[in-house]
Amino acid sequence: MRIKEDTLRKLMAMGKPHVVIQRFHWPGQPAQKTFLLSAYEQEHEACLHEQELRLNEGKRQNLLDISQYQTVLKLMKTEAGIGLFFAGTIDAKHEKRLQQAYAKSVSAYIHYIRMKKEDHYDVRIFVEYGRLKAEITSGDQSHTALFYDMIK
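The paragraphs below set out a description of the structure included in this document.

Thresholds applied
- Residues numbered from 1 in each chain as written.
- Predicted model: local features only at pLDDT ≥ 70, side-chain atom pairs only at ≥ 80, totals over all residues.
- Heavy atoms only, no water.
- Buried < 20%, exposed > 50% of the residue type's maximum accessible area, 1.4 Å probe, protein only.
- Helix = DSSP H or I, 4+ residues; strand = E, 2+ residues; numbered from the N terminus.
- Arc of directions from axis to C-beta.
- Contact = heavy atoms within 4.5 Å.
- Core = buried A, V, L, I, M, F, W, Y, C linked by side-chain atoms within 4.5 Å.
- Axes fitted to C-alpha atoms, helices over the stretch in contact; angles between N-to-C directions.
- Nonpolar A, V, L, I, M, F, W, Y, C, P; charged D, E, K, R; others polar.
- Pairing = 2+ DSSP bridges.

Let's talk about helix α1 (residues 5-13)
Looking at α1, one finds that the buried residues are Thr-7, Leu-8 and Leu-11. When α1 is viewed along its axis, its buried side chains cluster within an angular range of 100 degrees and face the same direction. Exposed and facing more than 90 degrees away from the buried side of α1 are Lys-10 and Ala-13. In the core, the buried residues of α1 are packed alongside β2 (34-40), α3 (66-76) and β4 (83-86). Following α1 by one or two positions, Gly-15 has its phi on the positive side, about 80 degrees.

Spelled out as structure tokens, the structure:
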């Protein structure tokens with residue numbers, strides 16, 4: 001979901017002023033101009049997320065600090081050419097749509113990693129520290145990878 005200023009106000013109203021903004025890779029989006037925003041209630045949660053980031057991958061901001069809020073607003077301006085998306089919880093309906101849209105790519109990825117099929121494959125898509133991941137299971141086997149790596 002693309003972020004707008006009212007989204008920031010809603011996050012603060014929900015008690016989630018601590019955000020982490022990080023680079024986001026998605027097919028069809030420019031790699032250096034696409035970012036994902038994750039929101040947290042507690043500052044320590046945002047700190048934990050920030051610690052998981054690679055060098056220059058992202059930064060933590062506090063929306064209650066007016067200068068940091070203004071920095072985030074500047075990123076959202078259309079003329080900046082930056083896409084800022086919200087890392088919301090993937091619900092079952094959205095997960096199913098992603099699975100259907102990228103079924104061929106995920107199938108090719110499963111073939112590429114040579115995972116053996118024991119009855120059927122299950123694919124679970126989730127967000128962890130601002131990274132969209134997928135876990136593939138079949139019987140006792142399990143493999144987790146960035147979803148972008150599966151569909152690129």
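Topic: the nonpolar core
In terms of nonpolar packing, the biggest core is built from 18 residues, with Trp-26, Phe-147 and Met-150 touching the most fellow members. Elements that contribute at least two residues to this core include exactly α5 (103-113), β6 (131-138) and α6 (147-151). Other than its neighbours up to four places away in sequence, Met-150 contacts Ser-105, Val-106, Tyr-109, Ala-134, Ile-136 and Ala-145. Ile-3, Ala-39, Leu-63 and Leu-84 belong to the second largest nonpolar core, which has 14 residues in total.

Looking at the packing of α1 against α3
Orientation of α1 relative to α3, taken along the N-to-C sense of each, is 145 degrees, at an axis distance of 10 Å. Between α1 and α3, the residues in contact are Glu-5, Leu-8, Arg-9 and Met-12 and Tyr-69, Val-72, Leu-73 and Met-76, respectively. Classifying every residue of the contact of α1 with α3 by side-chain character gives six nonpolar, no polar and two charged.

Observations concerning the side chain of Lys-133
With respect to the helices and strands, Lys-133 occurs in strand β6. We classify Lys-133 as buried; its relative accessible area is 18%. Discounting chain neighbours no more than four positions away, the residues touching Lys-133 are Arg-124, Ile-125, Phe-126, Glu-128, Thr-144, Ala-145, Leu-146 and Phe-147.

Considerations on the sheet that holds strand β7 (residues 141-146)
Spatial strand order, β5-β6-β7: three strands in an open sheet with antiparallel pairing. Of all strands in the sheet, those with a lone pairing partner are β5 (122-128) and β7, marking the two edges. Strand-to-strand twist across the sheet, computed as the mean angle between neighbouring axes with direction ignored, equals 20 degrees. On top of the sheet, helix α4 (residues 92-101) reaches β5 and β6; it is set at about 120 degrees to β5, its chief contact. Along the sheet, α5 makes contact with β5, β6 and β7, crossing β7 at roughly 120 degrees.

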